[in-house]
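# Examination of the molecular architecture
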Amino acid sequence: DDIMEALGLPEAQHAQFPQDALRALSTRYYERAMLRFEGFFATGEGYVCDGDIHTYSMNCNNLAIHYRYNEERYQDALNLHEKGLSSSPFAEHKSGAMSCLHGLQRYAEFIDAAEQLWHFAAEHGYGRHDPSQYFENVAWALQSLDRYAEIEIWLDRLREWVNSLDPDSLAEERPWLLGT
């Protein structure tokens, strides 16, 4: 839809385009952007915008999301999140890396990544941080690794997070967390 809007096409025409072709086009442009950024970093040649490290990191994140969701290329996505984290760290990379590790079934590393995300969000803020979205996977991974005692730590964190939320918005947006 973003591509269609960028092209200025009316919404009625959006459905006429094959989604697989749009995904391939999107992949191609993200990958070409990576080549431009990395070429600039290697040679110093190119447009000044090709050297914007935060935009590079955002491109790493967006391409990683595409690889992860559309192609299940978890290792490639993880590599991109690691590049992004090393250049301009932000929470979406931590969250994405965690998802990749879960997809790769590397559960001990997944738990470490969840731990990193938890602390990063606490220290730097992350408005979309929602531990209820990944807690179940963390608990399952801990159980599968016979690390049962750590589940209580994560339950405490989940309680702490729920208690930090505004009760009115919690009742409106996440009533399942209240048991209602």
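Residues numbered from 1 in each chain as written. Predicted model: local features only at pLDDT ≥ 70, side-chain atom pairs only at ≥ 80, totals over all residues. Heavy atoms only, no water.

## Some details on the pattern of salt bridges
For the coordinates displayed, the defined rule picks out ten salt bridges. Between Glu92 and Arg128 there is a salt bridge, and its shortest N-O distance comes to 2.3 Å. Note that Glu92 is positioned in helix α6 (residues 91-103) and Arg128 in the loop between α7 (107-124) and α8 (135-144), a separation of 36 residues in sequence. What makes Glu92 partly exposed here is its relative accessible area of 23%. Here Arg106 makes a salt bridge to Glu109, at a shortest N to O gap of 2.9 Å. (Salt bridge = Lys/Arg side-chain N within 4 Å of Asp/Glu carboxyl O. Helix = DSSP H or I, 4+ residues; strand = E, 2+ residues; numbered from the N terminus. Buried < 20%, exposed > 50% of the residue type's maximum accessible area, 1.4 Å probe, protein only.)

## Brief notes about the nonpolar core
Judged by nonpolar contacts, the single largest core of 38 residues is most densely connected at Leu80, Met98, Phe110, Tyr134, Val138 and Trp154. Going through the elements one at a time, α3 (19-43), α4 (53-71), α5 (74-87), α6, α7, α8 and α9 (149-164) are the ones with two or more residues in this core. Here this core takes nine residues from α7, the largest share from any one element. When sequence neighbours within four positions are dropped, the list of residues in contact with Phe110 reads Met98, Leu101, His102, Asn137, Val138 and Ala141. (Core = buried A, V, L, I, M, F, W, Y, C linked by side-chain atoms within 4.5 Å. Contact = heavy atoms within 4.5 Å.)

## What about the side chain of Asp50?
In this structure, Asp50 sits in the loop between α3 and α4. Ignoring any residue separated from it by four or fewer positions in sequence, one finds Asp50 in contact with Arg36, Phe37, Phe40 and Phe41.

## Observations concerning α8
Where α8 is concerned, the buried positions are Phe135, Val138, Ala139, Ala141 and Leu142. Viewed along the axis of α8, the buried residues span an arc of 165°, placing them on a single side of the element. Residues of α8 that are buried in the fold lie against α7 and α9. (Arc of directions from axis to C-beta.)

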